[in-house]
Amino acid sequence: MARERILVVDDEKLIRWSVRSRLQQEGYAVEEAADGKHAFELLEHSDCDLLVLDYRLPDTTGIDILEKVRAEHPEISVLMMTAYGTVESAVQAMKLGAFDYLTKPVNLDELSVVVQKALETTRLRREVRRLRTEQRETHGKVRLIGTSSAMQEVLDLIDKICVSQATTVLIEGDSGTGKNVVAKAIHYGSPRADRPFVNITCSALTETLLESELFGHERGAFTDAKTQKKGLLEVSEGGTAFLDEIGEMGPAMQAKLLRFLEEKTFKRVGGTRDIRVEVRIVAATNRNLEQAVREGRFREDLYYRLKVIPIHLPSLRDRRDDVPLLVQHFLDEFNAEFRKNTNGVSREAMEHLTAYDWPGNIRELRNVLERIMILEDKEQIGLEDLPSEIVGNAPQTGENATVGRTRSDVVLPLGTLTLEDLERGAIEQALERTSRNQVKAAKLLGISRDTLRYRMKKFGLLDRSDD
Ligand SMILES: Nc1ncnc2c1ncn2[C@@H]1O[C@H](COP(=O)(O)OP(=O)(O)OP(=O)(O)O)[C@@H](O)[C@H]1O
Ligand SMILES: [Mg+2]
């Protein structure tokens, strides 16, 4: 690790010398400045980790330097030295964000302890900043996979929203198309990333609870309100509030939200004071809001107010080009998570994955792959590993439409039987024929024992004798 750098600023040569010698002895790299001007020059040009700063300087005060450092290099810790030990100057320095203060004459042992702590704080601040950036990268565009033109349009739009001042976005899309991911990408890709991102699922709360969650409440506003509580909008000042499933919001809350969007102010429950906050609202819905408006369940004015910037997330079946990319993305994810080495999917399997309609969209694709990766331990995922609903769907591309090797042997009973019924029936028969010997039954069915157990569990066919 590189030596940590400390800048000592004091107009008295003797003090600089004694502080410097002690800190050098302890292995730090030390620089000195006798006045504010020189201190600023050094701060601009060297990576300093800690500032040891005198309160009184010839051309400025330590307080001025402190303020500037806090604003421009917030990770650097500052230790103040004050000759008079006056409480006011020390208090003022602490209020402005100094790490600690030492009174002159400086006790060098005390200095050494405080310097260690202050440097630890600098390290932590830097670490937090690094993690924040990293988090922003993973939450941001990096995780939004898709090169199809439909997805590229969405990504372009997100880029524009990130840099724009516009404060309202409406994300529409079927379940599992990535609305939550997009909301996060908008937050972490924007200058708001350092401020909070809060997520409120409107359908999960009653209307009264939702109101007090969003807007907060005053003490005594209702029976349980023993103390005053800030709402999520206040908490996320400067950041992003994600209102999920907005279509489920009741009429009274719709009116209150509209007022907030128009006036940027709201009242806490039981409160009379208008509170003003600056928050970007990102709302999402998997329902057709336009239809809800037509049916009188959703306010038209609120709908248009939210829809200033609409993002429509395409269903996976409308961007099948992205399936192989997404498959690879999730294989990488689960290989890392489950410590497996599955490096791909056979051509036939990929054809089926691409041809399938994915009613549950990306979430369903992710779940399917997760299940396979837990159960199987293979270099390559084949047709036999895919769930029946996907294999049963003959690929629309390619002339090779054979579904598994037994396709011609199976006489398809038409009527009310679903694929699940067939699967369940086959498993029951195999168990019966093998007197519930799972290894033999699995062999008979051409699946692994883990897969068999998984499916038995799914169909409720596991009983005590099977353990
Ligand atoms: N473009 C994408 N790239 C990679 N992963 C994605 C993408 N879109 C969605 N996912 C993943 O798919 C899953 C579902 O996404 P998400 O929860 O955002 O969907 P949703 O539209 O909010 O669904 P719902 O309407 O059910 O709330 C998550 O695991 C998410 O990480
Ligand atoms: Mg969601």
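These numbers were taken from a predicted model, which means no experiment stands behind them. (Residues numbered from 1 in each chain as written. Chains lettered and ligands numbered in written order. Predicted model: local features only at pLDDT ≥ 70, side-chain atom pairs only at ≥ 80, totals over all residues.)

So, about the nonpolar core. One finds Ile171, Val182, Ile186, Leu243, Val282 and Ala283 to be the most contacted residues of the largest nonpolar core, which totals 39 residues. Counting only elements with at least two residues in this core, the list comes to helix H6 (149–163), strand S6 (168–172), helix H7 (179–188), helix H8 (207–215), strand S10 (240–244), helix H10 (251–263), strand S13 (280–285) and helix H12 (300–306). The greatest single-element share of this core, amounting to five residues, is contributed by H7. Among residues more than four places away in sequence, those in contact with Ile171 are Lys179, Val182, Ala183, Val282, Ala284, Ile311 and Leu313. Of all hydrophobic cores here, the second largest spans 33 residues; its members include Met80, Ala93, Ala98 and Leu102. (Core = buried A, V, L, I, M, F, W, Y, C linked by C-beta atoms within 7 Å. Buried ≥ 20, exposed ≤ 12 C-beta atoms within 10 Å, placed from the backbone. Helix = DSSP H or I, 4+ residues; strand = E, 2+ residues; numbered from the N terminus. Contact = placed C-beta atoms within 7 Å.)

Let's shift gears to the site of ligand 1. The local shell around ligand 1 holds 17 residues, among which Ile145, Ser175, Gly178, Lys179 and Asn180 are the closest. Of the residues belonging to the shell around ligand 1, the class tally is four nonpolar, nine polar and four charged. Structurally, the shell around ligand 1 is a two-domain feature, drawing no fewer than three residues from each of domain 2 (141–314) and domain 3 (316–409). (Near = placed C-beta within 6 Å. Nonpolar A, V, L, I, M, F, W, Y, C, P; charged D, E, K, R; others polar. Domains from an automatic or database assignment.)

On the basis of which strands lie adjacent, the open sheet formed by five strands has the order S2-S1-S3-S4-S5 and parallel pairing. At either end of the open sheet lies a strand with only one pairing partner, and these are strand S2 (29–33) and strand S5 (100–103). Looking at each pair of strands side by side, their axes are set apart by 20 degrees on average, direction ignored. Two elements, strand S1 (residues 5–9) and S2, share five bridges in a ladder whose sense is parallel. Counterpart to Val9 in the pairing with S2 is Ala33. Running over the sheet, helix H3 (residues 62–72) touches S1, strand S3 (50–54) and strand S4 (77–82) and is turned about 160 degrees from S3. (Pairing = 2+ DSSP bridges. Axes fitted to C-alpha atoms, helices over the stretch in contact; angles between N-to-C directions.)

With 15 residues, H6 ought to run about 21 Å at 1.5 Å a step, and its terminal C-alpha atoms sit 22 Å apart, in line with that. Those residues of H6 that sit buried are Met151, Val154, Ile158 and Ile161. Buried residues of H6 fall within an arc of 80 degrees about the axis and therefore sit on the same side. Exposed and facing more than 90 degrees away from the buried side of H6 are Ser149, Gln152, Asp156, Lys160 and Val163. Packed against the buried residues of H6 are S6, H7 and strand S14 (309–312). (Expected span 1.5 Å × (residues − 1). Arc of directions from axis to C-beta.)

A few words now on the sheet that holds S14. The parallel open sheet is built from five strands, whose spatial order is S7-S10-S13-S6-S14. In this open sheet, the two strands that pair with only one neighbour each are strand S7 (197–201) and S14. With direction set aside, neighbouring strand axes in the sheet form an average angle of 20 degrees. Pairing between S7 and S10: five bridges, direction parallel. Residue pairing across strands places Ile200 opposite Leu243, the latter belonging to S10.

Per the domain assignment, the segments of the protein chain are domain 1 (5–135), domain 2 (141–314), domain 3 (316–409) and domain 4 (411–467). With six residues of domain 3 at the interface, the matching set in domain 4 holds eight residues. Among the residues forming the side of domain 3 that touches domain 4, the class breakdown is one nonpolar, two polar and three charged.

A separate point is the pairing of S4. The buried fraction of S4 amounts to six of the six residues, a majority that puts the element mostly inside the structure. Neither face of S4 is open: one carries Ser77, Leu79 and Met81, the other Val78, Met80 and Thr82, and all of them are buried. Here five bridges tie S3 to S4, and the two strands are oriented parallel to one another. In the sheet register, Val52 faces S4, and the bridge partner there is Leu79. Each parallel crossover has a hand, and for S3 linked through H3 to S4 it is right-handed. Bridge count between S4 and S5: four bridges; the pairing is parallel. Bridge pairing in S5 places Leu79 opposite Asp100. (Right-handed = clockwise from strand over helix to strand, strands pointing away.)

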